[in-house]
Amino acid sequence: MRNGRRVIMRSGVVLIIGLALVLGAVVPGLAAEFPTKEVQIIIPYAAGGATDLVFRALAASTSKYLGKAVVVVNKPGGGGAVGVTEAMQARPDGYTLVTAITPLTILPHQVKTAFTYRDFEPVINVVQDPAMFQVRADSPWKSLQEFLDYAKKNPGMITVGNSGAGGGVHLIALAFEKAAGVKFNHIPFAGGGPSVTALLGGHIHAVSVSPPEGIPHVKAGKLRIIALFSEKRMADFPNVPTVREQGVNFTMGQWRGLAAPKGTPPDVIKKLHDSFKQGMEDPAFVKNAADMSVTLAYVGPADFAKLMAQDHERYGKLVEEIKK
Amino acid sequence: MDVLGSLQQLLSGFSVATTFENLFYCLAGAIVGTLVGVLPGLGPIAGIALLIPATFGLNATSAIIMLAGIYYGAMYGGSTTSILINVPGETASVMTCLDGYQMARKGRAGPALAISAIGSFVAGGLAILGLVFLAPPLAEAALAFGPPEFFSLMVFGFVVLSNVTGGSLLKSLMMAVVGLLIGTIGMDPVTGNPRFTFGSISLLGGIEFVAVAIGLFGIAEVLANVAEPAEVLEQRVVVPRFRDLYPTLQDVTQSLGAILRGTGIGFGVGLVPGPAPVIATYASYMVERRLGRHPEQFGQGAIQGVAGPEAANNAACQSAFIPLFVLGIPFAPPTAILLGALLIHGVNPGPTLIGEHPNLFWGVVASMYIGNFVLLLLNLPFVPLFANILRIPKKVLLPLVMLFCLTGMYSVNNFVVDLWVMLGCGAIGYLMRKWAYEGAPLLLALVLGPKMEVAFRQSLMISHGGFAIFVERPVSLGFLLATLGFLLLPPLKRAVRSLNPKRAATA
């Protein structure tokens, strides 16, 4: 009997919610009409990388705020160009999003891509990771000053690994070189992992990386952060000063956010932005991000657009320099 | 390392692994892994990556137990399609096609499937022992491999393994060069400039290995069958008799040596950064063909040619966990994804992992024993089922194989260009088969070539252009000398023989 009543009550609740949804859908101009089906995020990289992990976790925590499932699809290839091109060509209805990360402003300078950041509407920035140089704990350079002094006296002798030619941390290392007035020998690897391995084995002198790469080894005392390019010190390493504190005026990092194809209606962007912001603040996601050592940094659509424009110009100049 | 201490830890690991929950996740991982391995295209990498979100709610130990199970489970499943329909599901099972498929054509699919499960089981068990007792010193040794050492190792592998099937050396080398050329398509690894892409974004990421492998083996096989007269298509492949479903005692004794050698090779190669399963399986096949009393049987359905490589890929898969757990460094792509999974579950992979999370490490190691045992029990009863697939008439089976290849391939990257590459390689593979060119050296070069190029250029960048870096470092020099010895030995032998005609006559 009690069970029966509960079932009736429950179906009543479901009916009311259903009616509300239908009403919401027929009343025009309300943001509630979006979404009516699941939203897809194209990740232009293989599954299992840092971008993939962050946005899979975010998709899981955002679904409940958006009211529809958020689905992740990996479309790797072409250094990210394949997936981004597909997203650019998708219908601008808000159901197809793409991860917008730093290489979006690098790739168009390197190869003839069909897109630039201008072909997308920024939705939200989620992560901003500081870039840094790490050296072995037993390295002879104990401070940034010693490191740069040696580099000045021996131009091109310090080997600095990076995660791939023309990738974010490679260009950041080039930019730092210019800011500090030194010259390094840049060695590209197939990803941040292999570059850290080569550093641990003593085959190179330093690596240019973004967390979480190398961080566990810093915590274990095998590696040391010798140059930190963030604006503030990192929460995990309060004793490591930034390079700006030490007189080199330089900050650079990598961001990871979401964008929609150009022409997506503003009210849809707003609905997406609000839901992903709630997803970002969800305790489950905050914990996942902390576990991965990524630095969450919310940036709204307008400021995200400025950030992309600024980096697009900055990386354009850097890429020109490598090509020389 | 303290042997008794390790044993004690392992026992406590079993108490972690045998809780109801963890047994369930171990079983789930093993089953999913087998399925992922059976489906062509979908490999352990995709399987683990897709299931990471499903583990968000689990504790770290259960999650890693399940994800690790997918990895080694896939090594069991991978051989199935290679043997039955000549489709290598992933890089590690290319070698299994050579003799496994020939065995199936002779009605011996059952023994081939069974021996690959037994080989995988023995190799898995022995390699986990290595993981328990030898992990820390071996992991440190692996760090000695920098770009110059890696390059020299690749040179060695390239020269020694390119004639893996023992056919015409000239044709093998020609195929290897084609593989090297295909490997240069895509972004230049040092400057990031596009090479041989003809302005197409689709080629920027290079040519997908799995597409070439399935094309050259699976699709080419379908085409070769279609080209047969119509009455052949009406036939069934070969109907296996029931008593032929499981290997005979003779099969097992013949395979035992191959399994043990394959385990050793796989375990060693798995510790080195790079495409371990490919090198390990090629090397094992090569060794078996050289040691075998009947090298002419290889390629015609020699059971050692299935047992050795299958043991090698499972051993390599287990030993790849050593650098991951001891140093927090992933040497192989699947372990890189496991590293991501560790991070998501709040476990910092690195030199302190075993000390900080002994329950996780020993629990996972113990679960590997259970998992391997489960996989053996799981795979052997499936042998008759799978072998019976060959009872399907060819005119029905071949279109199914085609469909299977197309959907499997698309599921890897969701990328249509891969399908065209696969079909194109199928057509080329058919012609290659007609004129007796081997696909195996091409695939080896396609995997090793890009890595060799990167290591070569990295070394020269580190040395500012000096070639001495390759001979100044002892490990690198050792590999180069071994390569030289391998190349010079046969002509030297011949020269000695011609100087001493009497011995040549008796020999």
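Residues numbered from 1 in each chain as written. Chains lettered and ligands numbered in written order. Predicted model: local features only at pLDDT ≥ 70, side-chain atom pairs only at ≥ 80, totals over all residues. Heavy atoms only, no water.

**Thoughts on the overall build of chain B**
Here is step 1: A tally of helices and strands in chain B yields 23 helices and two strands.
Here is step 2: Across its three principal axes, chain B shows a C-alpha extent of roughly 60 × 60 × 60 Å.
Here is step 3: Sequence separation of at least 24 residues holds for 79% of the intrachain contacts in chain B that already meet a minimum separation of 6.
Here is step 4: When the accessible surface of chain B is split by element, carbon and sulfur atoms take 70% of a total near 19900 Å².
Here is step 5: One way to put it: in chain B the 25 positive side-chain charges average out to a point 14 Å from where the 22 negative ones average out. (Helix = DSSP H or I, 4+ residues; strand = E, 2+ residues; numbered from the N terminus. Contact = heavy atoms within 4.5 Å. Areas by Shrake-Rupley, 256 points an atom, 1.4 Å probe, with all protein chains shown as cover. Lys, Arg positive; Asp, Glu negative; His and termini not counted. Charge placed at Lys NZ, Arg CZ, Asp CG, Glu CD.)

**Looking at unusual backbone geometry**
Residue and element names in this part refer to chain B.
Here is step 1: With a phi close to 65°, asparagine 86 is a non-glycine residue in the positive phi region.
Here is step 2: Inspection of the secondary structure puts asparagine 86 in the loop between helix H4 (60-85) and helix H5 (94-105).
Here is step 3: Look at asparagine 86 and you get buried, because its relative accessible area is 5%. (Buried < 20%, exposed > 50% of the residue type's maximum accessible area, 1.4 Å probe, protein only.)

**Here's the deal with the interface of chain A and chain B**
Here is step 1: Contact with chain A, which involves 43 residues of that partner, is made by 46 residues of chain B.
Here is step 2: Surface buried jointly by chain A and chain B totals about 3400 Å² across both partners, of which 66% is contributed by carbon and sulfur atoms.
Here is step 3: For the interface between chain A and chain B, the tally reads six residue pairs in polar contact (both at pLDDT 80 or more).
Here is step 4: At the level of elements, helix H2 (50-66), strand E2 (70-74), helix H3 (81-89), strand E7 (185-188), helix H7 (192-200), helix H8 (215-219) and helix H10 (283-291) of chain A are the ones that each hand at least two residues to the side of chain A that touches chain B.
Here is step 5: Partitioning the side of chain A that touches chain B into residue classes produces 21 nonpolar, 16 polar and six charged. (Buried area = accessible area lost by both parts, 1.4 Å probe. Polar contact = N/O pair within 3.5 Å; in protein donor to acceptor, adjacent residues only side chain to side chain. Nonpolar A, V, L, I, M, F, W, Y, C, P; charged D, E, K, R; others polar.)

**Here we look at helix H12 (residues 276-291) of chain B**
Here is step 1: The end-to-end C-alpha separation of H12 of chain B is 22 Å, in line with the 22 Å expected for 16 residues at 1.5 Å each.
Here is step 2: Across the 16 residues that make up H12 of chain B, a large majority, 13, are buried. (Expected span 1.5 Å × (residues − 1).)

**Things to note about the environment of glycine 186 of chain B**
Residues and elements named next belong to chain B.
Here is step 1: With respect to the helices and strands, glycine 186 occurs in strand E1 (residues 186-187).
Here is step 2: Given a relative accessible area of 1%, glycine 186 falls into the buried group.
Here is step 3: C-alpha separation for the pair glycine 186 and phenylalanine 198, spaced 12 residues apart in sequence, amounts to 10.0 Å.

**A few points about the pattern of salt bridges**
Here is step 1: Enumeration according to the criterion identifies 22 salt bridges over all chains in this entry.
Here is step 2: Note that lysine 64 of chain A is salt-bridged to aspartate 282 of chain A, the shortest N-O span being 3.1 Å. Taken together, the residues span a long stretch of sequence, with lysine 64 of chain A in helix H2 and aspartate 282 of chain A in the loop between helix H9 (266-281) and H10 at a distance of 218 residues.
Here is step 3: A salt bridge links glutamate 86 of chain A to lysine 75 of chain A, with the shortest nitrogen-to-oxygen separation between them at 3.3 Å. Of this pair, glutamate 86 of chain A sits in helix H3 while lysine 75 of chain A sits in the loop between E2 and H3, placing them 11 residues apart in sequence.
Here is step 4: Residue glutamate 86 of chain A is classed as partly exposed on the basis of its relative accessible area, which comes to 34%.
Here is step 5: A relative accessible area of 10% places lysine 75 of chain A in the buried class.
Here is step 6: Beyond isolated ion pairs, a larger network of salt bridges with shared partners links Asp188, Arg195, Glu453 and Arg457 of chain B. (Salt bridge = Lys/Arg side-chain N within 4 Å of Asp/Glu carboxyl O.)

**Focus on the side chain of histidine 345 of chain B**
Here is step 1: Along the chain, histidine 345 of chain B falls in the loop between helix H15 (333-344) and helix H16 (353-356).
Here is step 2: Look at histidine 345 of chain B and you get buried, because its relative accessible area is 13%.
Here is step 3: Apart from the residues within four sequence positions on either side, histidine 345 of chain B is in contact with Asp291 of chain A together with Thr55, Phe56, Leu58, Asn59, Ala60 and Ala63 of chain B.

**A word on the confidence of the model for chain A**
All names here are of chain A.
Here is step 1: Here chain A shows a mean pLDDT of 86. Residues at 70 or above account for 89%.
Here is step 2: Looking at the elements of chain A, mean pLDDT is at its lowest for helix H1 (residues 2-26), recorded as 51, and at its highest for strand E5 (residues 132-136), recorded as 96.
Here is step 3: Counted against residues more than four places away or in other chains, residues 21-31, with its pLDDT under 50, gives five contacts. (pLDDT = per-residue confidence, 0-100.)

**Structural notes on the packing of aromatic side chains**
Residues and elements named next belong to chain B.
Here is step 1: All chains considered together, the criterion is met by 28 aromatic pairs over all chains.
Here is step 2: Ring centres 5.0 Å apart and planes at 40° place the aromatic pair phenylalanine 151 and phenylalanine 456 in the tilted group. Placement of phenylalanine 151 in helix H7 (residues 147-161) and of phenylalanine 456 in helix H20 (residues 440-462) is noted, with a sequence separation of 305 residues between them.
Here is step 3: What makes phenylalanine 456 partly exposed here is its relative accessible area of 26%. (Phe/Tyr/Trp six-rings, centres within 6.5 Å; stacked < 30°, edge-to-face > 60°.)

**A look at the nonpolar core**
Here is step 1: The biggest cluster of nonpolar side chains holds 196 residues, and the ones touching the most others in it are Leu272 and Phe276 of chain A together with Tyr282, Phe321 and Leu443 of chain B.
Here is step 2: Beyond its immediate stretch of four places on either side in the chain, tyrosine 282 of chain B contacts Val94, Met95, Leu161, Val164, Ala440, Leu443 and Leu444 of chain B.
Here is step 3: Residues Phe133, Leu174, Tyr315 and Leu318 of chain A belong to the second largest nonpolar core, which totals 31 residues. (Core = buried A, V, L, I, M, F, W, Y, C linked by side-chain atoms within 4.5 Å.)

**Observations concerning the sheet that holds strand E11 (residues 296-299) of chain A**
Residue and element names in this part refer to chain A.
Here is step 1: In space, the six strands of this open sheet follow the order E2-E1-E3-E10-E4-E11, with mixed pairing throughout. Edge positions in the sheet fall to E2 and E11, since each of these pairs with one other strand and no more. With direction set aside, neighbouring strand axes in the sheet form an average angle of 25°.
Here is step 2: Of the pairings in the sheet, the one linking strand E3 (residues 96-101) to strand E10 (residues 253-261) comprises four bridges and is antiparallel in character. Bridged to threonine 99 within E10 is leucine 258.
Here is step 3: Lying on the sheet, helix H11 (residues 301-323) is in contact with E3, strand E4 (120-130), E10 and E11; it crosses E4 at an angle near 70°. (Pairing = 2+ DSSP bridges. Axes fitted to C-alpha atoms, helices over the stretch in contact; angles between N-to-C directions.)

**A short note on the pairing of E2 of chain A**
Residues and elements named next belong to chain A.
Here is step 1: Where burial is concerned, most of E2 is hidden: four out of the five residues are buried.
Here is step 2: Direction of pairing for strand E1 (residues 39-43) relative to E2: parallel, over a ladder of five bridges. Residue pairing for E2: glutamine 40 is matched across the bridge by valine 71.

**Remarks on the side chain of asparagine 314 of chain B**
Residues and elements named next belong to chain B.
Here is step 1: Position of asparagine 314 among the secondary structure elements: in helix H13 (residues 304-319).
Here is step 2: For asparagine 314, a relative accessible area of 0% corresponds to the buried category.
Here is step 3: Excluding its chain neighbours within four sequence positions, the residues that come into contact with asparagine 314 are Tyr72, Met75, Tyr76, Ser120, Phe121, Ala123, Gly124 and Asn372.

**Points about the sheet that holds E7 of chain A**
Residues and elements named next belong to chain A.
Here is step 1: Spatially, E7-E6-E8-E5-E9 is the arrangement adopted by the five strands of the open sheet, whose pairing is mixed. For this open sheet the edge positions go to E7 and strand E9 (223-228), each flanked by a neighbour on one side alone. For this sheet, the mean angle separating the axes of adjacent strands, direction not counted, is 30°.
Here is step 2: Inspection of the sheet shows E5 paired to E9 by five bridges, in the antiparallel sense.

**A closer look at the packing of H9 of chain A against H10 of chain A**
Residue and element names in this part refer to chain A.
Here is step 1: Close contact between H9 and H10 brings their axes to 5 Å; oriented N to C, the two are set at 65°. When H9 is examined against H10, the residues Gly279, Met280 and Glu281 are found in contact with a partner set consisting of Pro283, Phe285 and Val286.
Here is step 2: By residue class, the composition of the contact of H9 with H10 is four nonpolar, one polar and one charged.

**Digging into a nonpolar patch on the surface**
All names here are of chain B.
Here is step 1: Taken together, Val471, Leu477, Leu481, Leu484, Leu487, Leu488 and Leu492 make up a surface patch of nonpolar side chains, about 620 Å² in accessible area.
Here is step 2: Looking at the nonpolar patch element by element, the count peaks at six residues for helix H22 (residues 474-499).
Here is step 3: In this fold, leucine 487 is placed in helix H22. (Patch = residues over 30% accessible without salt bridge, like charges linked within 9 Å, V, L, I, M, F, W, Y side chains within 5 Å.)

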